[in-house]
Amino acid sequence: MKLAAWNVNSLKVRLPQLLDFLATRTPDIVCLQETKLEDVNFPRTELEAAGYQVVYSGQKTYNGVAILSKAPMSEVQIGIPGFGDEQKRVLAASVGDLRTVCVYIPNGQSVDSDKYRYKLKWLAALTGWLKNELKAYPKLALLGDYNIAPEDRDVHDPVLWKDQVLCSEPEREAFRELLGLGLKDSFRLFEQPEKSFSWWDYRMMGFRRNHGLRIDHILLSDALAASCTESRIDRDMRKLERPSDHAPVIATIEPPRD
DNA sequence: ATGGCGCCACATTGGCGA
């Protein structure tokens with residue numbers, strides 16, 4: 001089965017590209033970030049017509065997350081339990097024994113900002129919650145826009161970005177703490193091309209010059225990582241007309257045959 | 001070189017993203 005995550009940067013604008021993605025890539029589960037839609041405006045009808053069940057938690061202008069699944073979803077959780085947050089950034093749902101957690105981790109703006117301090121607090125809350133979630137659901141996938149480039153090889157110009165937001169050491173430490181819960185970065189389970197990124201600035205021909213960062217990730221619990229056969233970044237979606245500034249990331253899970 | 005692009009809204013400019 002194919003799991004995908006995509007920051008669409010406005011689902012209203014990107015619905016045609018999303019429908020194209022669903023039809024051509026045929027993912028089983030898709031986690032969306034930055035839908036920027038209130039729930040009343042979510043394009044439920046169009047996505048159901050495309051063959052997907054949908055759950056979503058959105059707001060006007062900013063943030064907003066959704067999960068699409070071909071198979072029925074249950075045990076839907078909105079937000080991090082016990083962490084009061086008006087920003088719609090977390091959504092979890094079960095598909096069979098697979099627990100899917102969709103996250104839009106805060107950007108942080110700059111390392112000296114209140115938004116950065118919120119980001120680190122938010123990450124600590126996420127990690128605390130997932131520790132319990134993993135006990136309840138051994139087969140867990142954490143997908144989304146992490147707004148963290150885990151290592152220098154995930155950055156087009158590590159010197160330029162050194163200690164900047166998305167690359168700072170506290171953020172990278174928070175990412176490693178997620179791995180420490182028993183999660184694997186699916187992308188790094190396999191050989192990958194040099195300079196693989198998932199986001200490129202709209203400005204200054206960022207995509208054409210491959211001035212990007214790898215900040216969108218699919219982390220898999222050890223139980224799932226063992227049956228992951230592929231993980232890749234779908235760069236082609238960034239080449240279309242009116243693209244999101246993020247490319248989708250896709251991981252394939254095959255049940256072990258024995 | 002501190003802008004540049006794209007999206008959004010109490011819009012025709014400013015906030016934000018990354």
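Everything discussed here concerns the structure shown above.
So what exactly am I meant to see when it comes to the sheet that holds strand β14 (residues 249–253) here?
In a beta sheet, neighbouring strands are held together by backbone hydrogen bonds and run either parallel or antiparallel to one another. In space, the six strands of this open sheet follow the order β3-β4-β2-β1-β14-β13, with mixed pairing throughout. Both edges of this open sheet fall to β3 (53–57) and β13 (228–233), since each of them pairs with a single strand only. Taking each pair of neighbouring strands and ignoring which way they run, the sheet shows an average axis angle of 10°. Sheet topology places β13 next to β14; five bridges connect them, and they run antiparallel. When the bridges of β14 are listed, I233 appears paired with V249.

Please clarify how the pairing of strand β7 (residues 98–104) should be interpreted in this entry.
A regular strand places its side chains on the two faces of the sheet in alternate fashion. For β7, a buried count of seven out of seven residues is recorded, marking the element as mostly surrounded by other parts of the structure. Every second residue of β7 is oriented toward a common face, with L98, T100, C102 and Y104 on one face and R99, V101 and V103 on the other, all of them buried. Inspection of the sheet shows strand β6 (residues 90–95) paired to β7 by six bridges, in the antiparallel sense. By the bridge assignment for β7, V90 is matched with V103. Where β6 folds back onto β7 in an antiparallel hairpin, the turn is made up of two residues, including G96, whose phi is positive at roughly 60°. Note that β7 and strand β8 (residues 140–145) share six bridges and pair parallel. Within the sheet, the bridge partner assigned to Y104 lies in β8 and is D145. On the question of chirality, the crossover connecting β7 to the parallel β8 by way of helix α3 (residues 114–136) is right-handed.

Would you explain the sheet that holds strand β9 (residues 183–185) in this entry?
What the six strands build is an open sheet, ordered β5-β6-β7-β8-β12-β9; its pairing is mixed. For this open sheet the edge positions go to β5 (74–78) and β9, each flanked by a neighbour on one side alone. For this sheet, the mean inter-axis angle between neighbouring strands, taken without regard to orientation, is 20°. Direction of pairing for β9 relative to strand β12 (residues 216–221): antiparallel, over a ladder of three bridges. Bridge pairing in β12 links L183 to S221. α3 contacts β7, β8 and β12 of the sheet and is inclined by roughly 155° relative to β8.

It is not clear to me how the protein's contact with DNA strand B should be interpreted in this structure. Could you clarify?
The local shell around DNA strand B holds 22 residues, among which S10, T61, N107, Y202 and R203 are the closest. Here the residues of the surface near DNA strand B sort into seven nonpolar, seven polar and eight charged.

When you look at the packing of α3 against helix α5 (residues 169–180) in this model, what are you seeing that I'm missing?
With their axes 10 Å apart at the nearest point, α3 and α5 run at an angle of 5° to one another. If you check the angle between α3 and α5, you find them roughly parallel. Contacts between α3 and α5 involve L120, L123 and T127 from the first element and P170, A174, E177 and L178 from the second. A per-class count over the contact of α3 with α5 returns five nonpolar, one polar and one charged.

Reading the values: the criteria
- Residues numbered from 1 in each chain as written.
- Chains lettered and ligands numbered in written order.
- Predicted model: local features only at pLDDT ≥ 70, side-chain atom pairs only at ≥ 80, totals over all residues.
- Pairing = 2+ DSSP bridges.
- Helix = DSSP H or I, 4+ residues; strand = E, 2+ residues; numbered from the N terminus.
- Axes fitted to C-alpha atoms, helices over the stretch in contact; angles between N-to-C directions.
- Buried ≥ 20, exposed ≤ 12 C-beta atoms within 10 Å, placed from the backbone.
- Right-handed = clockwise from strand over helix to strand, strands pointing away.
- Contact = placed C-beta atoms within 7 Å.
- Near = placed C-beta within 6 Å.
- Nonpolar A, V, L, I, M, F, W, Y, C, P; charged D, E, K, R; others polar.
- Parallel < 35°, antiparallel > 145°, perpendicular 65-115°, else oblique.

Interpretation in functional terms is not warranted from these geometric data alone.
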